[in-house]
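If you want the building blocks of each chain, they are given just below.
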Amino acid sequence: MLDNAREVVAECLGARPDEVSFTASGTEAVHRGLLGLLRGRRRAGDRLVHAAVEHSAVLHAAAWAGGEHVSVPVDRHGRVSPDDFVAACAGPGVAVAALQAANHEVGTCQPVAEVASRIGEVPLLVDACASAGRVPLPAGWAVAAASAHKWGGPAGVGVLAVRKGARWRNPFPGDDRVDERTAGFENVPAALAAAAALRAVVEERAEVGARQRALLDRIRHGVQVVPDVEVVGDPEDRLPHVLTFSCLYVDGEALVDRLARHGFAVASGSACTASSLEPSHVLTAMGALTHGNVRLSLTRDTDEADVERFLEVLPGVVAGIRAEAGL
Amino acid sequence: MSEPHEGLGPVELELDCRGQLCPLPVIALGRRVGEVAVGARVAVVADDVAARHDVPAWCRMRGQEYVGEDVAADGVPRYVVRRLS
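Please read all numbers here as calculations on a predicted model, not as lab measurements. (Residues numbered from 1 in each chain as written. Chains lettered and ligands numbered in written order. Predicted model: local features only at pLDDT ≥ 70, side-chain atom pairs only at ≥ 80, totals over all residues. Heavy atoms only, no water.)

Engineer: Could you give an account of helix 9 (residues 304-324) of chain A, naming the residues involved and the relevant values?
Structural biologist: Residue and element names in this part refer to chain A. When the terminal C-alpha atoms of helix 9 are compared, their 31 Å separation across 21 residues agrees well with the 30 Å that a helix rising 1.5 Å per residue should span. The sharpest bend along helix 9 measures roughly 25° and falls at Val313, with the proline Pro315 sitting one to four residues further on. Residues of helix 9 that are buried: Val307, Phe310, Leu311, Val313, Leu314, Val317, Val318, Ile321 and Arg322. Elements in contact with the buried residues of helix 9: helix 6 (188-223), strand 8 (229-232), strand 9 (242-247), helix 7 (252-261) and strand 10 (293-297). Two or three places before Ala305, at the opening of helix 9, Asp303 has a side-chain oxygen 3.2 Å from that residue's backbone nitrogen. (Helix = DSSP H or I, 4+ residues; strand = E, 2+ residues; numbered from the N terminus. Expected span 1.5 Å × (residues − 1). Bend = angle between axes of the 7 residues up to and from the residue. Buried < 20%, exposed > 50% of the residue type's maximum accessible area, 1.4 Å probe, protein only. Contact = heavy atoms within 4.5 Å. Polar contact = N/O pair within 3.5 Å; in protein donor to acceptor, adjacent residues only side chain to side chain.)

Engineer: Describe in detail the sheet that holds strand 1 (residues 13-16) of chain B, supporting the description with residues and values.
Structural biologist: All names here are of chain B. Pairing is mixed across the open sheet formed by four strands, whose spatial order is 1-2-4-3. The sheet is open, and its two edges are formed by strand 1 and strand 3 (65-71), each paired on a single side. Averaged over all adjacent pairs, the angle separating strand axes in this sheet is 20°, with direction ignored. Two elements, strand 1 and strand 2 (residues 41-45), share four bridges in a ladder whose sense is parallel. Across the sheet, Leu13 pairs through a bridge with Val42, a residue of strand 2. Relative to strand 1, helix 1 (residues 24-32) is tilted by about 150°, and along the sheet it contacts strand 1, strand 2 and strand 4 (77-82). (Pairing = 2+ DSSP bridges. Axes fitted to C-alpha atoms, helices over the stretch in contact; angles between N-to-C directions.)

Engineer: Please set out the interface of chain A and chain B residue by residue, giving values where relevant.
Structural biologist: Contact residues are listed per partner, giving 21 residues for chain A and 16 residues for chain B. The contact between chain A and chain B buries some 1600 Å² in all, and 65% of this surface belongs to carbon and sulfur atoms. Here chain A is connected to chain B by two salt bridges. Two residues, Asp228 of chain A and Arg62 of chain B, come together in a salt bridge whose shortest N-O distance is 2.8 Å. At the boundary of chain A and chain B, one finds seven residue pairs in polar contact (both at pLDDT 80 or more). Class assignment for the residues of the side of chain A that touches chain B results in eleven nonpolar, five polar and five charged. (Buried area = accessible area lost by both parts, 1.4 Å probe. Salt bridge = Lys/Arg side-chain N within 4 Å of Asp/Glu carboxyl O. Nonpolar A, V, L, I, M, F, W, Y, C, P; charged D, E, K, R; others polar.)

Engineer: Run through the side chain of Asp179 of chain A, naming residues and quoting values.
Structural biologist: All names here are of chain A. In this structure, Asp179 sits in the loop between strand 7 (158-162) and helix 6. Among the polar contacts listed, one links the side chain of Asp179 to the side chain of Ser21, at a separation of 2.8 Å. A distance of 2.8 Å separates a polar atom in the side chain of Asp179 from the backbone nitrogen of Arg181. Discounting chain neighbours no more than four positions away, the residues touching Asp179 are Arg6, Val20, Ser21, Phe22 and Glu186.

Engineer: Hey, could you go over the nonpolar core for me, with residue numbers and the actual values?
Structural biologist: Residue and element names in this part refer to chain A. Ranked by size, the top nonpolar core spans 54 residues in total, and within it Phe22, Phe85, Leu124 and Trp151 carry the most contacts. With seven residues, helix 1 (residues 2-13) is the single largest residue contributor to this core. In this structure, Leu124 is in contact with Leu37, Phe85, Ala97, Ala98, Leu99, Val112, Ala116, Ile119, Gly140, Trp141, Ala142 and Val143, ignoring residues within four places of it in sequence. Counting 27 residues, the second-largest nonpolar core is a separate cluster that includes Val250, Val294, Val313 and Ile321. (Core = buried A, V, L, I, M, F, W, Y, C linked by side-chain atoms within 4.5 Å.)

Nothing here speaks to function; it is all geometry.
Spelled out as structure tokens, the structure:
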């Protein structure tokens, strides 16, 4: 049964079944993927090149592994320059490179395929947790990581794909079982559910993605009617279902609460709402405003009426919060 | 620690936002920048780390000039802005 799930996931991601393992989460897949590549490349060096806007799963694994880390800056849209990234990979002692398929906070796609084709033997970890299922996995990965709940599957299932022939070595103690890349028992029912959900998402992504892109364009233009609001992330080369914007002078937590009262469940990347007081490293790397952020995620059944109602409610909500702050 | 105070020279208005969390320092800047003449400078003294990013972002969004960062006499970061309009 697990082999069936493996086959489905492999086909949806453009991998071979024997390249696919199931982990407990996308984070675990990133950790095992990155640390295993670093271990496999120990002789080449201990330097890791990564985009400044990688998910904290990548940054935490890198910090845990030690070694030297080169953070490649991003532009206003949150994208690395392929030339800069490739140049960083050409430095001495580079063991591994990590570049996300798309950014988890602002939706911008990274130039993964181009970078992969230009960095020679440096293996590339592609964190596809935000994008898997929604858009095709870009070519050129040595290791790819994905997370089932992000494509609508159950929480507690991650996917670790290790390319045949990639220099990946298990960074943790081995487990004498079938899958040498993970430990413990896979959650078989959840893996089956994850595979079924992925297949469904992939089958309808052309149609759903086109509809969502049109809705995001409408929101992109609609929110900019509100003064001092900035949409962040690339307008074109992006994920079709997430959009982030920042409202100057607005407390992110207040914004989330008031939109919730109108029936909109949104996320905020503002430090004010997070447990840590550190602003989002993604937004700071982009030079974007770090407060008053809203991240909208469209579901497959979000429709025009929902979007129009959101755009109707937003200006008053923002103006109300600003008025209370004396602006 | 770098040279205290006046690294960027005197300013016309200094806003004491010590102890305030984001977005309060930027709100203070938005409310009070109009008190100085065009061409004059305002400083935001803030220990909230978000101000380091949000004051330059405010300048970009509002069409004002971000001059730079130095530190107040007590070591708290000071972000200097020039009013352009």
